[in-house]
Amino acid sequence: MCGIAGIYHFNSPDKSINEDHLKKMLSVIWYRGPDESGMYVGSNVGIGNVRLSIIDLSSGQQPISVRNNRFRIVYNGELFNYIELRKELEKLGCEFFTNADTEVVVQAYAQYGTDCLKKFNGQYAIAIWDNKEKSLFLARDRVGIRPLFYSKLNGTFAFCSEIKGLFQIPEIARKINPKGLAQIFTFWTTITPATPFEDIFEVRPGHYMLINSEKIQQVKY
């Protein structure tokens, strides 16, 4: 199953990440990935993963980095065509260091940018940090099988596989969203991107997000 989480101070390049907050976000979703966990913390960004080891048990630990640590990924999902896509990338000169489908995802992003999503056949929630462009890339599979939630408050963007992970950040209040609650009573669920809580949203199925100091955009692919 796996779970991912992260914090990005997109308007404050010198604001350090509170590692305790990121650790708590991962700790409350530990059961999604009981085998191991990992984190990367930069100057104003931190991403982490709890992993259920299925493919490449020995060397698939996350975050995985490529291109001299320019791109770092945390990932929840399964890419069904990763073997075929890996062969395609190897022909283009990509050098692989693991046998995990996670590395195929990040190598494809490094090679094709957001167009990599057109090549993916699978179910996934993806977060990739680009250290050169200082941007965060999030993506969710076309059907929305893998969950991914986010909140944006006061220049900080946070994401997690489950809403309760976001509540580990003190600035994110636990407030009911009346509109979201009404949708649950009417439709048995909230209508994307709404959730039952104020200031918390889900990444739309079949969409990706790009977050940097200039803008936050969500695009259908």
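Structure: above.
Here the structure is a predicted model, which is why all the values come from computation and not from measurement.

Peer 1: Report on the pattern of salt bridges, specifying residues and quantitative values.
Peer 2: One pass over the full model with this rule turns up nine salt bridges. For Glu90, the salt bridge goes to Arg86, with nearest N and O atoms at 3.1 Å. Of this pair, Glu90 and Arg86 both sit in helix H2 (residues 82-91), separated by four residues, roughly a single helical turn. For Glu90, a relative accessible area of 37% translates into the label partly exposed. Between Asp115 and Lys118 there is a salt bridge, with its nearest N and O atoms 3.5 Å apart. Among the residues examined, Asp115 registers a relative accessible area of 40% and is labelled partly exposed.

Peer 1: Please provide a residue-by-residue account of the sheet that holds strand E1 (residues 3-8), values included.
Peer 2: Read across the open sheet, the six strands follow the order E2-E3-E1-E9-E8-E10; overall the sheet is antiparallel. Of all the strands in the sheet, the pair left with one neighbour each is strand E2 (36-41) and strand E10 (201-202). Where strand E8 (residues 149-153) lies against strand E9 (residues 156-160), five bridges are found, and the strand directions are antiparallel. Bridging across to E9, Lys152 finds its partner in Phe157. Contacting E1, E2, strand E3 (45-51) and E9, helix H1 (residues 19-27) runs over the sheet at an angle of about 160° to E1.

Peer 1: Give me the nonpolar core: which residues, what numbers.
Peer 2: Counting 27 residues, the largest nonpolar core has Ile73, Leu79, Leu117, Phe120, Ile126, Ile128 and Phe137 as the members making the most contacts within it. At the level of elements, strand E4 (64-66), strand E5 (71-79), H2, helix H3 (101-112), strand E6 (122-130), strand E7 (135-140) and strand E11 (207-211) are the ones that each hand at least two residues to this core. Sort the elements by how many residues they give to this core and H3 lands first, with six residues. Apart from residues lying up to four places away in sequence, Leu117 is in contact with Tyr124, Ile126, Phe137, Ala139, Arg142, Tyr208 and Tyr221. Counting residues in each nonpolar core, the second largest holds 19 residues, with Leu136, Leu148, Phe157 and Phe159 among its members.

Analysis parameters
- Per chain, residues are indexed from 1 in the order of the written sequence.
- Only residues with pLDDT of at least 70 are given local features in this predicted model, and only at 80 or more are side-chain atom pairs given and counted; all residues enter the totals for whole chains, interfaces and linings.
- Side-chain descriptors were evaluated using all non-hydrogen atoms of the structure, hydrogens and water having been removed beforehand.
- The working definition used for a salt bridge is a side-chain nitrogen of Lys or Arg within 4 Å of a carboxyl oxygen of Asp or Glu.
- Counting from the N terminus, the helices are DSSP H or I runs at least four residues long and the strands are E runs at least two residues long.
- Only protein chains enter the accessibility calculation, which uses a 1.4 Å probe; a residue is then buried when its area is under 20% of its type maximum, exposed when over 50%, and partly exposed in between.
- Note on pairing: DSSP must find at least two bridges between two strands before they are called paired.
- By definition, residues are in contact when any of their heavy atoms lie within 4.5 Å.
- Helix axes use the C-alpha atoms of the stretch in contact, all axes being lines fitted to C-alpha atoms, and the angles between their N-to-C directions lie in the range 0 to 180 degrees.
- Put simply, buried Ala, Val, Leu, Ile, Met, Phe, Trp, Tyr and Cys residues joined by side-chain atoms within 4.5 Å make one nonpolar core.

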